[in-house]
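Here is how the chains run, residue by residue.
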Amino acid sequence: MEWQPDEQGLQQVLQLLKDSQSPNTVTQRAVQQKLEQLNQFPDFNNYLIFVLTRLKTEDEPTRSLSGLILKNNVKAHYQNFPSGVSDFIKRECLNSIGDPSPLIRATIGILITTIASKGELQSWPELLPQLCNLLDSEDYNTCEGSFGALQKICEDSSELLDSDALNRPLNVMIPKFLQFFKHCSPKIRSHAIACVNQFIIGRAQALMDNIDTFIESLFVLAADEDSEVRKNVCRALVMLLEVRIDRLIPHMHSIIQYMLQRTQDPDENVALEACEFWLTLAEQPICKEALSGHLVQLTPVLVNGMKYSEIDIILLKGDVEEDEAVPDSEQDIKPRFHKSRTVTLQHEGGEGEEDEDIEDEDDDDDDDALTDWNLRKCSAAALDVLANVFRDELLPHLLPLLKGLLFHPDWVIKESGILVLGAIAEGCMQGMVPYLPELIPHLIQSLSDKKALVRSIACWTLSRYAHWVVSQPPDSYLKPLMTELLKRILDSNKRVQEAACSSFATLEEEACTELVPYLSFILDTLVFAFGKYQHKNLLILYDAIGTLADSVGHHLNQPEYIQKLMPPLIAKWNQLKDEDKDLFPLLECLSSVATALQSGFLPYCEPVYQRCVTLVQKTLAQAMMYNQHPDQYEAPDKDFMIVALDLLSGLAEGLGGHVEQLVARSNIMTLLFQCMQDTMPEVRQSSFALLGDLTKACFLHVKPCIAEFMPILGLNLNPEFISVCNNATWAIGEISMQMGAEMQPYVGMVLPHLVEIINRPNTPKTLLENTAITIGRLGFVCPQEVAPQLQHFIRPWCTSLRNIRDNEEKDSAFRGICVMIGVNPAGVVQDFIFFCDAVASWVNPKDDLRDMFYKILHGFKDQVGEENWQQFSEQFPPLLKERLSACYGV
């Protein structure tokens, strides 16, 4: 007997569906409660599917809503549906997939794929065969509805479909889909391509077996009159470029010609898909060869795509010049992610480098608040990557265009020219240098253009040339640029404020101490902006202040500067509650400021220190409650704890010994013991950085905990978590220097891991350097324990430290190596040339260290005799030979 609804029950469900379309929040709350009550009745879901598929008297939005509520129920408790109910739902879906209404068909498709993704593809074996059979229906609605459902299933379950779990249905499905590429309805053709497209990136075997048919069918559809079809053809070719370029190479010339046309398609969605082709091609080794002959056509197409469209300008409120008094809506503010502290070393010829295994966020492009990805952004990104491939060969095609754009009377065109100039900055820098003395003043002038969107793009483009600006005499460009940028930081347009702040932060990183003469002027501007900015830009302002502190360092430690800067920062600090995420950027900023001000931060350190400890304590407590009763408590946001630990590191580093009383009066060591064992790698990473900084600043509080801490450090020497491993390694080195010979009981629990890491292929440079330093330091304090291992690490040890600048860490590590060579000279014999090279990397070692080097080099030379030494030193590169003979007389 087939299930039938009870009339009264049906009226109740319909009333509920009507109420749930009401905008009134009170009604909405009542609807939620009613839903929860009705969900106690197993056949409530039968009513929902009945309204969706059978109740043709109701309006479509109500029927569709019924299906969407059912979909949510399926998502939440499908496993608890009685089998009678789930069978009824499945039957109804398949019987009604050809509903005359596109909205109802789409809703049923969503419902089907939701059931399928609840593990039901296996236990609903008739689903795929039935949908595939329905494709052959004479009725258009049935065919379209089934294809819509299949497309959603392919999107959600592509991996499962290509596995043995289901008996490889793709062997039937893909040839079937390919037949429909020729269907008379554009909607069906579009579904068919979209279905096959789901299997390109995963290289599904059934598609690889039919790859040539697929590519030929795409070529047939290339000029289709339907834009959705053209979009899917472009998307397919872009993906094939990544996975089966071998199949496209024979047709590359005509594909490029086709994509050039499509990148100018009147439908922006098609143009955007086609534009992705250039981005993907730029990553392929054949790019240069394939595109060389087409640059003359491609360059103007990309440049043309970089103009704002009319709709962009409306969305960006391009005609609103002054909006600084308008508060930000909360959804405009993107969540910020704190990048945990990683300890790095200083290199020759540059500041401490960024860890190369941590991707820098892209600082590209200026209008991320807008529709996230559009033709303008894609064209700019493509020009940027192609500039990096072709370098200055791109310029002959670009420069003639640029001249016309940059000085154009129409602001939209001028703006796109400034964007072009910024996009090529990285790739074409060499070739652009001769034009910069003329262009930079023009860009600086554009900073005061009457259109806000021109002012904001000029900020961004100038930041891309900051390196060159700083390399010139300061009065020529740096001073005028800084003067104008500071005015833009106080612009009356929020977008310009944001672009100017970000641009200024880049300039600070490049200029470093060049900014010292202007500090007073810079601080006045940044502090004034504090009183002026709305919420979103305040967060960027913190970053500009933190970067300033990082760039000028101790030069900031002047009473007049501290007097300007600290009161507004501390006022903000007091305003914010412990659970406010705005604390993240403020804490990061204060961390940089504390490190720069050093003793100048003392008057402010107590409340800052206390609050950080509280944040760590609160987060740990909340995590504990959540672990014990996950149903009653929310999981904490551990970023609060991570940022607090990093600021404590900044305090320890900035205040040094002065932090001792603060540590003495708090339970930070107990908290640190818990943080070091947290499940989240970023928490451990920041804990080990703090442990190292406290070890340097006030070891007397760390020492009583060493026996408990060392095993945890040993466990974290796992290179799978690069940054955790890096900071743990660094902390062990700092602890060794403080412990001296008392380190002996712990050598066994860390040394084997360190030796293994230093010998691993593909270990990031930063981790190798820190590992080498720590092995050297361990050997310095416990040579008897470490020296026997010498031959297992001496070669990678020497090569990883040769590029590090002379500093304390390098000094202690080399003393360790020298002591170990004294204990076990045989350990270094095989690799002595590497040791010679590492010694030569010192510019001026301290006198006693130079003596140690001298003794080892001469000892080795005397040992082997003059003749053998001559033969040995013949292998030296000329530069090494020179340095050793000049510095050590060998």
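Residues numbered from 1 in each chain as written. Predicted model: local features only at pLDDT ≥ 70, side-chain atom pairs only at ≥ 80, totals over all residues. Heavy atoms only, no water.

Engineer: Just checking my understanding: could you explain the overall build of the protein for this structure?
Structural biologist: If you tally the helices and strands in the protein, you get 50 helices and zero strands. On the principal axes, the C-alpha backbone points of the protein span a range of 100 × 70 × 65 Å. Across the 890 residues in the protein, those meeting the buried criterion constitute 57%. For the protein, contacts bridging at least 24 residues in sequence account for 75% of all contacts bridging at least 6. If you sum the accessible surface of the protein, you get close to 38700 Å²; carbon and sulfur atoms cover 52% of it. In the protein, 73 side chains carry a positive charge and 124 a negative one; their mean positions are 2 Å apart. (Helix = DSSP H or I, 4+ residues; strand = E, 2+ residues; numbered from the N terminus. Buried < 20%, exposed > 50% of the residue type's maximum accessible area, 1.4 Å probe, protein only. Contact = heavy atoms within 4.5 Å. Areas by Shrake-Rupley, 256 points an atom, 1.4 Å probe, with all protein chains shown as cover. Lys, Arg positive; Asp, Glu negative; His and termini not counted. Charge placed at Lys NZ, Arg CZ, Asp CG, Glu CD.)

Engineer: What exactly am I supposed to notice about helix α2 (residues 25–38) here?
Structural biologist: Helical geometry: 3.6 residues make up each α-helical turn, so side chains three or four residues apart lie on a common side. Spanning 14 residues, α2 covers 20 Å between terminal C-alpha atoms, matching the ideal 20 Å at 1.5 Å per step. The inward-facing, buried residues of α2 contact α1 (7–19), α3 (44–53) and α4 (60–77). Its side-chain oxygen placed 2.7 Å from the backbone nitrogen of valine 26, asparagine 24 serves as the N-cap of α2. (Expected span 1.5 Å × (residues − 1). Polar contact = N/O pair within 3.5 Å; in protein donor to acceptor, adjacent residues only side chain to side chain.)

Engineer: Teacher, can you tell me more about the pattern of salt bridges here?
Structural biologist: Think of it this way: side chains of opposite charge can pair up when their charged atoms draw near. Throughout the structure, instances matching the rule amount to 42 salt bridges. Where aspartate 59 meets lysine 18, a salt bridge forms, and the shortest distance between an N and an O atom there is 3.7 Å. Note that aspartate 59 is positioned in the loop between α3 and α4 and lysine 18 in helix α1, a separation of 41 residues in sequence. By relative accessible area, aspartate 59 is classed as partly exposed at 36%. Where arginine 235 meets glutamate 273, a salt bridge forms, and the shortest distance between an N and an O atom there is 2.6 Å. Of the two residues, arginine 235 is situated in helix α13 (residues 227–243) and glutamate 273 in helix α16 (residues 268–282); the sequence distance between them amounts to 38 residues. Connected via shared salt-bridge partners are Arg455, Glu484, Lys487, Arg488 and Asp491. (Salt bridge = Lys/Arg side-chain N within 4 Å of Asp/Glu carboxyl O.)

Engineer: Looking at this model, I keep getting lost on a negative patch on the surface. Mind explaining?
Structural biologist: A cluster of acidic side chains, namely Glu509, Glu510, Asp543 and Asp550, defines a negative patch on the protein surface. One can find glutamate 509 in helix α28 (residues 494–511). On the accessibility criterion, glutamate 509 (54% relative accessible area) is exposed. (Patch = residues over 30% accessible without salt bridge, like charges linked within 9 Å, V, L, I, M, F, W, Y side chains within 5 Å.)

Engineer: Even after reading the chapter, I still don't get the packing of helix α48 (residues 847–864) against helix α49 (residues 866–874), so can you show me in this structure?
Structural biologist: Packed helix pairs are characterised by how far apart their axes lie and by the angle those axes make with each other. Closest axis-to-axis distance for the α48/α49 pair is 6 Å, and the angle between their directions is 120°. With respect to α49, the axis of α48 lies oblique. Contacts between α48 and α49 involve Phe860, Lys861 and Val864 on the former and, on the latter, Glu866, Asn868, Trp869 and Phe872. Here the contact of α48 with α49 is built from residues that sort into four nonpolar, one polar and two charged. (Axes fitted to C-alpha atoms, helices over the stretch in contact; angles between N-to-C directions. Parallel < 35°, antiparallel > 145°, perpendicular 65-115°, else oblique. Nonpolar A, V, L, I, M, F, W, Y, C, P; charged D, E, K, R; others polar.)

Engineer: How do you make sense of the packing of aromatic side chains when you look at a structure like this?
Structural biologist: The description of an aromatic ring pair rests on the distance of the ring centres and on the angle between the ring planes. Taken as a whole, this structure holds 23 aromatic pairs when the rule is applied. Ring geometry for phenylalanine 832 and phenylalanine 872: centres 6.2 Å apart, planes at 45°, overall tilted. Placement of phenylalanine 832 in helix α47 (residues 832–840) and of phenylalanine 872 in helix α49 is noted, with a sequence separation of 40 residues between them. There is no split in this pair, since phenylalanine 832 and phenylalanine 872 are both buried. Measuring from centroid to centroid gives 5.4 Å for tryptophan 869 and phenylalanine 872, while their planes differ by 55°, and the two rings are tilted. Here phenylalanine 872 and tryptophan 869 lie together in helix α49, a separation of three residues that amounts to about one turn. Joined through ring pairs, the aromatic side chains of Trp797, Phe814, Phe832, Phe835, Trp842, Phe853, Phe860, Trp869, Phe872, Phe876 and Tyr888 make up one cluster. Here the guanidinium or amino end of arginine 376 rests over the ring plane of tyrosine 308, the centre of that ring lying 3.7 Å away. (Phe/Tyr/Trp six-rings, centres within 6.5 Å; stacked < 30°, edge-to-face > 60°. Lys NZ or Arg CZ within 6 Å of the ring centre and 35° of its normal.)

Engineer: What am I meant to see in the side chain of serine 592 here?
Structural biologist: Along the polypeptide, serine 592 turns up in helix α32 (residues 583–597). Those residues within four positions of serine 592 in sequence are excluded, and the remaining contacts are Gly546, Ala549 and Asp550.

Engineer: What should I look at first to understand unusual backbone geometry in this one?
Structural biologist: Excluding glycine, residues mostly carry a negative phi; peptide bonds, for their part, are mostly trans. A positive phi angle, close to 45°, is found at cysteine 512, a residue other than glycine. Locating cysteine 512 in the fold gives a position in the loop between α28 and α29 (519–532).

Engineer: Explanation requested: the confidence of the model for the protein in the structure shown.
Structural biologist: Should pLDDT be low for a region, the predicted coordinates there are not to be read in detail. Looking at the protein, pLDDT values average 90 and 96% of them are 70 or higher. The low-confidence segment residues 349–371 (pLDDT under 50) makes 52 contacts with residues lying over four places distant or belonging to another chain. (pLDDT = per-residue confidence, 0-100.)

Engineer: What should I look at first to understand the environment of serine 158 in this one?
Structural biologist: One can find serine 158 in helix α8 (residues 140–161). Residues serine 158 and phenylalanine 199, 41 residues apart in the sequence, show an inter-C-alpha distance of 6.6 Å. Those residues in contact with serine 158 that lie beyond four places of it in its chain are Ile153, Gln198 and Phe199.

Engineer: Please explain the packing of α47 against helix α50 (residues 878–888) as it appears in this structure.
Structural biologist: One can describe the packing of α47 onto α50 by two numbers: an axis separation of 10 Å at closest approach and a directional angle of 70°. Considered as vectors, α47 and α50 are oriented roughly perpendicular to each other. Helix-helix and strand crossings are classified by hand; for α47 and α50 the assignment is left-handed. Residues Cys836, Asp837, Val839 and Ala840 of α47 form the contact with α50, whose own contacting residues are Leu880, Arg883, Leu884 and Tyr888. Taken together, the residues that form the contact of α47 with α50 break down as six nonpolar, no polar and two charged. (Left-handed = near helix turned anticlockwise from the far one by under 90°.)

Engineer: Just checking my understanding: could you explain the nonpolar core for this structure?
Structural biologist: In globular proteins that are soluble, nonpolar side chains generally tend to be buried together. Within the largest apolar cluster, 317 residues are counted, with the highest numbers of intra-cluster contacts made by Phe214, Trp278, Phe601 and Trp797. In terms of residue count, the dominant contributor to this core is helix α34 (residues 639–655) (eleven residues). Sequence-distant contacts of phenylalanine 601, that is, excluding residues within four places in its chain, are made with Met566, Leu590, Val593, Ala594, Val608, Leu651 and Leu655. (Core = buried A, V, L, I, M, F, W, Y, C linked by side-chain atoms within 4.5 Å.)

Engineer: Looking at this structure, I do not really get the environment of asparagine 80. What am I missing?
Structural biologist: You can see asparagine 80 is positioned in the loop between α4 and α5 (83–96). The spacing of asparagine 80 and proline 42 is 38 residues in sequence and 8.8 Å in space, taken between C-alpha atoms.

Engineer: Looking at this structure, how should I read the state of the cysteines?
Structural biologist: Disulfide: a covalent bond formed between the sulfur atoms of two cysteine residues. The full count for this structure, using the stated rule, is zero disulfides. Free of any disulfide, cysteine 705 has its nearest neighbouring cysteine sulfur in cysteine 698, separated by 10 Å. Residue cysteine 705 is classed as buried on the basis of its relative accessible area, which comes to 13%. (Disulfide = S-S within 2.5 Å.)

Engineer: I'm lost on the side chain of lysine 176 in this one. Help?
Structural biologist: Mapped onto the elements of the fold, lysine 176 is located in helix α9 (residues 170–179). Using a relative accessible area of 14% as the deciding quantity, one classes lysine 176 as buried. If we skip the residues at most four places from it in the chain, lysine 176 touches Cys132, Leu135 and Asp136.

Engineer: How do you make sense of the environment of phenylalanine 147 when you look at a structure like this?
Structural biologist: Position of phenylalanine 147 among the secondary structure elements: in helix α8. Along the sequence, phenylalanine 147 and valine 781 sit 634 residues apart, while their C-alpha atoms lie 72 Å from each other. Those residues within four positions of phenylalanine 147 in sequence are excluded, and the remaining contacts are Leu135, Phe177, Phe180, Ile188, His191, Ala192 and Cys195.

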